[in-house]
Amino acid sequence: MPEPIIVLDGLQKSYRDTRAVDGVSLAIAPGEIFGFLGANGAGKTTTIRMLCGLVKPSGGSARIAGRDVWRERYEVRTKFGYVAQKFSLYPDLTVVENLRFFGGAYRVPRARLEARIEKLLGEMDLAAKRDALAGALSGGMKQLLALACALIHEPVLLFLDEPTSGLDPVHRQQIWDLLYHLAHDGTTVFVTTHYMDEAERCTSVGFLHSGRLLARETPRRLKQSFKVPVLDMHVEPVMPALVQLRAAPGVLGVSLRSGHGRVYAADPRKLVAEWQERWPFPGLTWHGHTWAEPDMEDVFKAYSQGYHEILAEAAP
Ligand code: ATP
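The structure reproduced in this document is the subject of the present report. (Residues numbered from 1 in each chain as written. Predicted model: local features only at pLDDT ≥ 70, side-chain atom pairs only at ≥ 80, totals over all residues. Heavy atoms only, no water.)

1. Observations regarding the sheet that holds strand 13 (residues 260-265)
Sheet strands pair by backbone hydrogen bonding; their relative direction is either parallel or antiparallel. The 4 strands lie next to each other as 12-13-11-14, forming an open sheet whose pairing is antiparallel. Each edge of the open sheet carries a strand with a single partner, namely strand 12 (251-257) and strand 14 (285-292). For this sheet, the mean inter-axis angle between neighbouring strands, taken without regard to orientation, is 30°. Summarising the sheet, strand 12 and strand 13 pair through 6 bridges and their orientation is antiparallel. Looking across to strand 13, one finds that valine 254 is bridged to valine 263. (Pairing = 2+ DSSP bridges. Helix = DSSP H or I, 4+ residues; strand = E, 2+ residues; numbered from the N terminus. Axes fitted to C-alpha atoms, helices over the stretch in contact; angles between N-to-C directions.)

Printed below as a string of structure tokens:
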């Protein structure tokens, strides 16, 4: 394995009573697309902000390209681009003026800057909007501009905090195509997302829960970490079915998927056998069931809800 570009070692951040990040250790190789997953408040943004030298760690350490992210934050800053959750653009500047501003802030040499701007305008499909005010762009275009600004100095590493939140599927795809190209050319991508189809596209995924890294694996291996299949129940009427199935003994949780109840249980085959013998829900009609291979939605549900009985140890 090549030298990791990012190394976290027991990284911690506390805010008064809150352990936002609770001893995270992890190494990320160059060219990876690392997906950082976790429920709201799990500590993802705090981790990224520490890595970007914006927040001082309370304990442990983190290094980017061998340098400490806090003590050497000014040197480290030249190595990465950061697309924050909230737009960091200047709404009263045009598209090109924003790019020039960030180019100046990152000290891109003048001779190089205009060529960089033209290249990024082309790649981000923003050439026609070059003189539009950033504040007047659509959400998708703003995000493409934020990405362009973060890439102006050709960083080896890119942090993106929910880059596709609220975007339509076409813009989401466009951003992911760009991330693929970047990774293909050797840029390391560290991205948080709540979209599990995006998590599937990462080369590896870390799952954060209450500030702790519960798992770090490829999406395929995370899906394989289920010890049992997922039970897909076709029961009607479906909404009361969800409530009653959830309360049934042996059921850990149920979610609605394509009009069916997706049932998580430590021993789902035993449950089905029991229900075939005696269906305990007189108001519900059982039309059938299938066994499903877990997908990343299931993985997210199981990790975030703490269904440890059905997960094999997936050590970070
Ligand atoms: P989301 O998916 O909603 O963006 P997240 O995983 O990025 O969530 P963080 O924003 O890192 O989570 O927050 C982790 C925890 O730290 C939360 O409990 C949050 O309230 C707390 N926290 C974050 N920043 C601060 C702060 N500046 N002061 C106090 N508490 C904070």
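2. Comments concerning the site of the ligand
Close to the ligand lie 14 residues; Gly41, Gly43, Lys44, Thr45 and Thr46 are nearest. The separation between an oxygen atom of the ligand and a polar side-chain atom of lysine 44 is 2.8 Å. Contact with the protein chains removes 61% of the 630 Å² of surface that the ligand exposes when unbound. Of all elements in the fold, only strand 2 (18-28) and helix 1 (44-51) reach the threshold of two or more residues within the shell around the ligand. Per-element tally for the shell around the ligand: the top contributor is helix 1, with 3 residues. Among the residues making up the shell around the ligand, the classes are represented as 4 nonpolar, 8 polar and 2 charged. (Near = heavy atom within 4 Å. Polar contact = N/O pair within 3.5 Å; in protein donor to acceptor, adjacent residues only side chain to side chain. Areas by Shrake-Rupley, 256 points an atom, 1.4 Å probe, with all protein chains shown as cover. Nonpolar A, V, L, I, M, F, W, Y, C, P; charged D, E, K, R; others polar.)

3. Quick notes on the sheet that holds strand 1 (residues 6-15)
As summarised here, the arrangement of the 4 strands in space is 2-1-4-5, forming an open sheet in which the pairing is antiparallel. If you trace the sheet from one side to the other, it starts and ends with strand 2 and strand 5 (67-68), each paired once. Summarising the sheet, strand 4 (residues 59-64) and strand 5 pair through 2 bridges and their orientation is antiparallel. When the bridges of strand 5 are listed, arginine 63 appears paired with aspartate 68. In the packing of helix 1 onto the sheet, the strands contacted are strand 1, strand 2 and strand 4, and the crossing angle to strand 1 comes to about 115°. (Contact = heavy atoms within 4.5 Å.)

4. Quick word on the pattern of salt bridges
In this structure the tally under the stated criterion is 20 salt bridges. Linking aspartate 68 and arginine 71 is a salt bridge whose minimum nitrogen-to-oxygen distance equals 3.4 Å. Glutamate 198 is the partner of arginine 172 in a salt bridge, and the nearest nitrogen-oxygen pair spans 3.0 Å. With arginine 172 in helix 6 (residues 169-184) and glutamate 198 in helix 7 (residues 196-200), this pair connects stretches of sequence that are 26 residues apart. Given a relative accessible area of 0%, glutamate 198 falls into the buried group. Ionic contacts of the salt-bridge type, sharing partners, join the residues Asp232, Arg257, Arg262, Asp295 and Asp298 into one network. (Salt bridge = Lys/Arg side-chain N within 4 Å of Asp/Glu carboxyl O. Buried < 20%, exposed > 50% of the residue type's maximum accessible area, 1.4 Å probe, protein only.)

5. Some words on the nonpolar core
Ranked by size, the top nonpolar core spans 57 residues in total, and within it Leu99, Met124, Leu145 and Leu147 carry the most contacts. Considering each element in turn, this core owes the most residues, 8 residues, to helix 5 (residues 139-151). For this core, the domains that each give at least three residues are domain 1 (6-222) and domain 2 (224-313). Excluding residues within four positions of it along the chain, methionine 124 makes contact with Leu144, Leu147, Ala148, Leu151, Gln174 and Leu178. Grouped together as the second largest cluster of nonpolar side chains are 29 residues, Val24, Ile48, Val55 and Tyr82 included. (Core = buried A, V, L, I, M, F, W, Y, C linked by side-chain atoms within 4.5 Å. Domains from an automatic or database assignment.)

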